[in-house]
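Below, each chain spelled out in residue letters.
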Amino acid sequence: EEEDVCVAASDAVRSRALAREAAERRFGGGLALEPPEQFCCPITCQLLEDPVVCSDGHTYDRNAIVTWLSDHDTSPMTGLPLLRTNLTPNHALRAAVDEWIAQHDPAAARARSTRTESS
């Protein structure tokens, strides 16, 4: 289990670097407008699409934590066993992410809004 956490942490560092490079390309040149860290899933290091709170108290993107939980019974952040696997939507964080996107990339905000309405 300890090895899984170390591998996940190493993968997270690599994913974060890739996310930073993608943000720089997307938002233009060397301008590093990557999202604030609290707006990124700690598993994927990508901007949260559907943030949910797990029983460990941390927020993850729903798809990432569901995938994690299909193979693990531990927290991806602490490595400790999860007593419950229920997920609670984090509406406040989602609104903050949506606001950040609207300020930095209005086209992406419209696309994100359309995806949300159709699901």
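Residues numbered from 1 in each chain as written. Predicted model: local features only at pLDDT ≥ 70, side-chain atom pairs only at ≥ 80, totals over all residues. Heavy atoms only, no water.

## Thoughts on the overall build of the chain
- Scanning the chain from terminus to terminus reveals 4 helices and 3 strands.
- Along its sequence from the N terminus, the chain presents helices and strands in the succession α-β-β-α-β-α-α.
- With 119 residues in all, the chain has 29% of them scored as buried.
- Taking the contacts inside the chain whose residues are at least 6 apart along the sequence as the reference set, 46% of them involve residues at least 24 apart.
- Counting only carbon and sulfur atoms, one obtains 55% of the accessible surface of the chain, whose full area is about 7,400 Å². (Helix = DSSP H or I, 4+ residues; strand = E, 2+ residues; numbered from the N terminus. Buried < 20%, exposed > 50% of the residue type's maximum accessible area, 1.4 Å probe, protein only. Contact = heavy atoms within 4.5 Å. Areas by Shrake-Rupley, 256 points an atom, 1.4 Å probe, with all protein chains shown as cover.)

## What about the environment of L93?
- Looking at the secondary structure, you find L93 in helix α3 (residues 91-104).
- Overall, L93 belongs to the buried group, its relative accessible area being 15%.
- Residues L93 and T59, spaced 34 residues apart in sequence, show a C-alpha to C-alpha distance of 8.9 Å.
- Setting aside chain neighbours within four positions, we find L93 in contact with Q38, F39, L48, P51 and T59.

## With respect to the sheet that holds strand β2 (residues 59-61)
- Across the sheet, which stays open at both edges, the 3 strands sit in the order β2-β1-β3 with antiparallel pairing between neighbours. Edge positions in the sheet fall to β2 and β3 (88-89), since each of these pairs with one other strand and no more.
- Pairing of strand β1 (residues 51-53) with β3, which is carried by 2 bridges, proceeds in the antiparallel orientation. Residue pairing across strands places V53 opposite T88, the latter belonging to β3. (Pairing = 2+ DSSP bridges.)

## A word on the pattern of salt bridges
- Evaluated as defined, the whole model comprises 3 salt bridges.
- D50 is the salt-bridge partner of R94, the closest N and O atoms lying 3.7 Å from each other. One end of the pair, R94, is in helix α3; the other, D50, is in the loop between α1 (2-26) and β1, and 44 residues separate them in sequence.
- Linked by salt bridges that have partners in common, D50, R62, R94 and D98 make up one network. (Salt bridge = Lys/Arg side-chain N within 4 Å of Asp/Glu carboxyl O.)

## Focus: unusual backbone geometry
- The phi dihedral of C45 is positive, around 60°, even though this residue is not glycine.
- By relative accessible area, C45 is classed as buried at 7%.

## Digging into α3
- Counted at 1.5 Å a residue, the expected span for α3 with its 14 residues is 20 Å, and the 20 Å between its end C-alpha atoms agrees.
- Residues of α3 that are buried: L93, V97, W100 and I101. One side of α3 carries all its buried residues, which in axial view fall inside an arc of 100°. In this structure, α3 carries H91, A92 and Q103 as exposed residues pointing more than 90 degrees from its buried face. (Expected span 1.5 Å × (residues − 1). Arc of directions from axis to C-beta.)

## Looking at the environment of Q38
- Here Q38 shows up in the loop between α1 and β1.
- The exposure class assigned to Q38 is exposed, which follows from its relative accessible area of 55%.
- Taking the C-alpha atoms as reference points, Q38 and T59, separated by 21 residues in sequence, lie 9.0 Å from one another.
- Those residues in contact with Q38 that lie beyond four places of it in its chain are L48 and L93.

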